[in-house]
Amino acid sequence: MGLPDWYLTAGCLFQRVWNHLHGYPLANGILDYDLFYCDPADLSWEAENKVIERAADAFDNLGVEVQVRNQARVHVWFEDHFGIAIAPFASSKDAIRNFLATACCIGIRTNNGTIEVYSPFGTDDLFELIVCRNAYAAGPQSAFEKKTKRWTQLWPRLTVLPWDSPR
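As the structure is a prediction and not an experimental result, all values here were calculated from the model. (Residues numbered from 1 in each chain as written. Predicted model: local features only at pLDDT ≥ 70, side-chain atom pairs only at ≥ 80, totals over all residues. Heavy atoms only, no water.)

1. Focus on the overall build of the chain
From N to C terminus, the chain includes six helices and seven strands. For the chain, the sequential pattern of α-helices and β-strands runs β-α-β-α-β-α-α-β-β-α-β-α-β. By the compact-globule yardstick of 15 Å for 167 residues, the chain fits well, its C-alpha radius of gyration being 16 Å. Dimensions of the chain, computed from C-alpha atoms along their principal axes, come out at roughly 40 × 35 × 25 Å. Summarising the internal contacts of the chain: among those between residues at least 6 apart in sequence, 67% fall at separations of at least 24. Averaging the locations of the 15 positively and 20 negatively charged side chains of the chain gives two centres separated by 5 Å. (Helix = DSSP H or I, 4+ residues; strand = E, 2+ residues; numbered from the N terminus. Rg over C-alpha atoms; globule rule 2.2 N^0.38 Å. Contact = heavy atoms within 4.5 Å. Lys, Arg positive; Asp, Glu negative; His and termini not counted. Charge placed at Lys NZ, Arg CZ, Asp CG, Glu CD.)

2. Regarding the pattern of salt bridges
Counted by the stated rule, this structure contains four salt bridges. Its salt-bridge partner being Asp94, residue Arg97 comes within 3.1 Å of it at the nearest N-O pair. Take Asp94: its relative accessible area is 10%, and that puts it in the buried class. Between Arg109 and Glu116 there is a salt bridge; the shortest N-O distance is 2.9 Å. Judged by relative accessible area, which is 17%, Arg109 ranks as buried. Accessibility expressed as a relative area gives 22% for Glu116, which makes it partly exposed. (Salt bridge = Lys/Arg side-chain N within 4 Å of Asp/Glu carboxyl O. Buried < 20%, exposed > 50% of the residue type's maximum accessible area, 1.4 Å probe, protein only.)

What is shown is where atoms sit, not what they do.
Given below as structure tokens:
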């Protein structure tokens, strides 16, 4: 799609690993496929929506929901949605580094035919089925608890560490 600073990220990656480790079908429990890009040149909803519509056409035949979002404009809506103001993300890596749990902080993309994986906190928690709060993230405890409640129902071997014990 020619998007600047893009990554495929979030649940479609870490939940696929959890599915494999649980012996489940790889798409089990995956709600959508998150495609991040970072374009600070135009922070308007209209610009982002054009990309969303283009992606909907491009991925229409996949049979899955692909959610495309400009990470450069997250700070515009984050406080209204979560009640916490955040600084603008400088890059898609910055956004990935801000996921609520360290095991979730992973992105993948291709660059000139090479696969790049970005995992700022490593992959130990991911492969050891440990979910702990990312102390670097600004998200609220309620969002962490809502996500982990769903996750432990779908992937019962997960170990969720308490909110106040980030790594």
